[in-house]
Amino acid sequence: MATKDTGGQERASKQTQDAEDEFVDETSELRDRHAKLSEDVDDVLDEIDEVLETDAESFVRGFVQKGGQ
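Q: Could you give an account of the overall build of the protein, naming the residues involved and the relevant values?
A: Scanning the protein from terminus to terminus reveals one helix and zero strands. A burial count over the protein gives 1% of its 69 residues as buried. Here the protein displays about 6,800 Å² of accessible surface, and carbon together with sulfur accounts for 53% of that area.

Q: Which residues make up a negative patch on the surface, and what are the values?
A: The grouping of Glu 39, Asp 42, Asp 43, Asp 46, Glu 47, Asp 49, Glu 50 and Glu 53 at the surface amounts to a negative patch. Turning to its location among the elements, Glu 53 is positioned in helix H1 (residues 8–61). Accessibility expressed as a relative area gives 67% for Glu 53, which makes it exposed.

Q: I'd like a rundown of the pattern of salt bridges, residues and numbers included.
A: All chains considered together, the criterion is met by one salt bridge. Residue Lys 36 pairs with Asp 40 through a salt bridge whose shortest N-O separation is 3.2 Å. One end of the pair is Lys 36 and the other is Asp 40, both in helix H1 and four residues apart, which spans about a single turn. Residue classification places Asp 40 among the partly exposed residues on the basis of a relative accessible area of 33%.

Q: Got a sec to walk through a nonpolar patch on the surface? Specific residues and values, please.
A: Together, Val 41, Val 44, Leu 45, Ile 48 and Leu 52 make up a nonpolar patch on the protein surface, roughly 380 Å² of accessible area in all. Mapped onto the fold, Leu 45 is located in helix H1. According to the relative accessible area criterion, Leu 45 is partly exposed, its value standing at 45%.

What counts, and at which threshold
Residues numbered from 1 in each chain as written. Predicted model: local features only at pLDDT ≥ 70, side-chain atom pairs only at ≥ 80, totals over all residues. Heavy atoms only, no water. Helix = DSSP H or I, 4+ residues; strand = E, 2+ residues; numbered from the N terminus. Buried < 20%, exposed > 50% of the residue type's maximum accessible area, 1.4 Å probe, protein only. Areas by Shrake-Rupley, 256 points an atom, 1.4 Å probe, with all protein chains shown as cover. Patch = residues over 30% accessible without salt bridge, like charges linked within 9 Å, V, L, I, M, F, W, Y side chains within 5 Å. Salt bridge = Lys/Arg side-chain N within 4 Å of Asp/Glu carboxyl O. Lys, Arg positive; Asp, Glu negative; His and termini not counted. Charge placed at Lys NZ, Arg CZ, Asp CG, Glu CD.

Following this line, the structure appears as structure tokens:
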């Protein structure tokens, strides 16, 4: 008795492809987010460098706790 091929392999391949596409989309989004956060961190560090170059003493004084705490 002959059996009919129901295309099970094709469905499995489509599901695998969909999962791979979703993974690629998520990876791309993570890369974009990482790049944006890296730019933001670099901007903050540049700003700190500028302040330290102009007046390091007052910058440090801003972080010293009052009353010896």
